[in-house]
Amino acid sequence: MTKLLFFLLSVPLLVIGQRGERLQPGKMYEPGDSLYAPHFGFSAIVPTGWSGLLPRDTEVFLLSSQYSPAEVYVFGREEGNLPEMKSKWEAGVKLDDKIGLKAKTAAIKDGSLSTEAVLTGGQNDKSKRGYAVARCSEFGPCITFLAVIPASQYDKLIKDVDAFAGGAFFSKPSDASPYANLDWKKFLGGKTLIALTLMEKGSKESRVELCKDGTF
């Protein structure tokens, strides 16, 4: 799915983090936790009944239902607008040589673009249906929420997706360093740094023990 989402927009994908902090890959975010993507100025709250995760080695934030196999993939583009996205979705977007994505009933309402997302070609799972929502910021960035939902729960769960997307808000994007306010002395104090060098005949290890006051 990560591959499919990359081809869908062909732009940098969304990295979400708690406001004031950056998301830690592999950490589970529970209902009520705050999500913040400074590069896109995007903020949201993990909804009730869902949990979120930024899998390691990917930039797509994954939201999973705690009561069904439904999933929502959240990603963004640095600039765009809903009419343009609507036209592309309706014309169909090629994901790879075999699989494409096409909007079934795209509509713009109350600042959101939404549609049932139909995958074409390839071996599609008929027991699941796709649903996509997009919102754009006055500052330029657009965020897309792409859900894969069991067909039997589609009508119920798209309400959760709409609520999650509708409850998000935008602020001015920022590319401030995630380490701007990090207290390095406190962060590294009491840690051990290990440098391991691999050589033709074995390996060499060097250690630096850092005291709590920052000396070593």
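Rules and cut-offs
Sequence order as written defines the numbering, with residues in each chain counted from 1. Two thresholds apply to this predicted model, a pLDDT of at least 70 for residue-level local features and 80 or more for giving and counting side-chain atom pairs, whereas whole-chain, interface and lining totals are computed over all residues. Hydrogens and waters are ignored; side-chain quantities use all the structure's heavy atoms. Only a pair of cysteine sulfur atoms within 2.5 Å counts as a disulfide in this structure description. Working definition: with a 1.4 Å probe on protein chains only, accessible area under 20% of the residue-type maximum means buried, over 50% means exposed, and in between means partly exposed. Strands here are runs of E lasting at least two residues and helices are runs of H or I lasting at least four, both read from the DSSP assignment and numbered beginning at the N terminus. Note: the arc covers the axis-to-C-beta directions of the helix. Within 3.5 Å is the distance limit for a polar contact, defined as a pair of N or O atoms, with the added protein rule that one can donate a hydrogen and the other accept it, and that residues adjacent in sequence qualify only through two side-chain atoms. Take a side-chain nitrogen of Lys or Arg and a carboxyl oxygen of Asp or Glu: if they are within 4 Å of each other, that pair is a salt bridge. Only when DSSP finds a minimum of two bridges between them are two strands counted as paired. What we call a nonpolar core is a set of buried Ala, Val, Leu, Ile, Met, Phe, Trp, Tyr and Cys residues that are connected through their side-chain atoms within 4.5 Å. Here, residues are in contact when the closest pair of their heavy atoms is within 4.5 Å.

## Observations regarding the state of the cysteines
Move 1: Inspection of every chain in the model, using the stated rule, returns one disulfide.
Move 2: Paired through a disulfide, Cys 136 and Cys 142 show a sulfur-sulfur distance of 2.0 Å. For the disulfide bridge between Cys 136 and Cys 142, the dihedral angle about the S-S bond is near 105 degrees, and by the sign convention the bridge is right-handed.
Move 3: Owing to a relative accessible area of 23%, Cys 136 belongs among the partly exposed residues under this scheme.

## Remarks on helix 2 (residues 82-91)
Move 1: Taken together, the buried positions of helix 2 are occupied by Leu 82, Met 85 and Trp 89. Buried residues in helix 2, looked at end-on, bunch into an arc of 60 degrees, giving them a common side. In helix 2, those exposed residues whose orientation departs by more than 90 degrees from the buried face are Pro 83 and Ala 91.
Move 2: Between a side-chain oxygen at the N-terminus of helix 2 and the backbone nitrogen of Glu 84 the separation is 2.8 Å; the capping residue is Asn 81.
Move 3: Just beyond helix 2, the residue with positive phi is Gly 92, at close to 100 degrees.

## Concerning the pattern of salt bridges
Move 1: In the structure shown here, the tally under the stated rule is five salt bridges.
Move 2: Where Lys 88 meets Glu 84, a salt bridge forms, and the shortest distance between an N and an O atom there is 3.4 Å. Residue Lys 88 and its partner Glu 84 are located together in helix 2, separated by four residues, close to a single helical turn.

## Some details on the sheet that holds strand 2 (residues 34-37)
Move 1: With antiparallel pairing, the three strands of this open sheet are ordered in space as 2-3-13. Taken across any chain shown, the strands that pair with only one partner, and hence form the sheet edges, are strand 2 and strand 13 (169-170).
Move 2: Bridging between strand 3 (residues 42-45) and strand 13 involves two bridges; their strand directions are antiparallel. Bridge pairing links Ser 43 to Phe 169 in strand 13.

## Describing the nonpolar core
Move 1: In terms of nonpolar packing, the biggest core is built from 28 residues, with Phe 42, Val 72, Tyr 131, Phe 145 and Ile 149 touching the most fellow members.
Move 2: Only strand 2, strand 3, strand 5 (61-65), strand 6 (71-77), strand 11 (128-136), strand 12 (142-150) and helix 3 (154-167) provide two or more residues apiece to this core.
Move 3: It is helix 3 that contributes the most residues to this core, six residues altogether.
Move 4: When near neighbours in sequence (up to four residues on either side) are disregarded, Ile 149 contacts Ala 70, Ser 127, Lys 128, Arg 129, Tyr 131, Tyr 154, Leu 157 and Ile 158.
Move 5: Grouped together as the second largest cluster of nonpolar side chains are 16 residues, Leu 62, Tyr 73, Ala 103 and Cys 142 included.

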